[in-house]
Amino acid sequence: EFVVILNKTTAEEGRIVLERVRKMTEETACKYNAGGEQGKLNYTTSIGFTVGPFDAEATLEQYFKKADEGLYKAKNEGRNRVICAQERADEKVA
């Protein structure tokens, strides 16, 4: 897992950026050579994200927890997708 912070970005703008990451991952095969066997490994990614600010007292841990909720939603809805933990497209990412 990793974190990307998109400052002053709406949920829709963030979704566009993260959808590009998801699509590039899906389209990029990883070549391997293991034990004399060669091939390509295709893989996908599920991405969860959140928007804020939640309130003046919001902590980084709260943002991580919300983004994690989006990740689990993405996995439960079939994987290989981008899901916002809350659907408020006019909010800004902290």
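Residues numbered from 1 in each chain as written. Predicted model: local features only at pLDDT ≥ 70, side-chain atom pairs only at ≥ 80, totals over all residues. Heavy atoms only, no water.

**Student:** Could you clarify how one ought to interpret the pairing of strand β2 (residues 37–41) in this entry?
**Tutor:** Consecutive residues of a regular strand have side chains that alternate between opposite faces of the sheet. The pairing of strand β1 (residues 30–34) with β2 spans 5 bridges and is antiparallel. Paired with Ala 34 across the bridge in β2 is Glu 37. Counted between consecutive antiparallel strands, the loop separating β1 from β2 contains 2 residues, among which Gly 35 sits at a positive phi close to 60 degrees. (Pairing = 2+ DSSP bridges. Helix = DSSP H or I, 4+ residues; strand = E, 2+ residues; numbered from the N terminus.)

**Student:** Can you help me understand helix α2 (residues 60–76) in this one?
**Tutor:** One full turn of an α-helix is made of 3.6 residues, so residues set three or four places apart face in the same direction. Compared with the 24 Å implied by 1.5 Å per residue over 17 residues, the 24 Å span of α2 between its first and last C-alpha is a close match. Along α2, the positions that sit buried rather than exposed are Tyr 63, Gly 70, Leu 71 and Ala 74. The arc enclosing the buried residues of α2, seen along the axis, measures out at 105 degrees, which places them on a common side. In this structure, α2 carries Glu 61, Lys 65 and Asn 76 as exposed residues pointing more than 90 degrees from its buried face. Where α2 is buried, its residues contact β3 (47–49) and β4 (82–84). (Expected span 1.5 Å × (residues − 1). Buried < 20%, exposed > 50% of the residue type's maximum accessible area, 1.4 Å probe, protein only. Arc of directions from axis to C-beta. Contact = heavy atoms within 4.5 Å.)

**Student:** For this particular structure, what's the right way to read unusual backbone geometry?
**Tutor:** Leaving glycine aside, a negative phi is the common case for residues, and trans is the common case for peptide bonds. Although it is not a glycine, Arg 79 adopts a positive phi angle of roughly 65 degrees. Relative to the assigned elements, Arg 79 resides in the loop between α2 and β4. Since its relative accessible area comes to 49%, Arg 79 is described here as partly exposed. Positive phi values are uncommon outside glycine, yet Asn 80 reaches one of about 55 degrees. Within the secondary structure layout, Asn 80 lies in the loop between α2 and β4.

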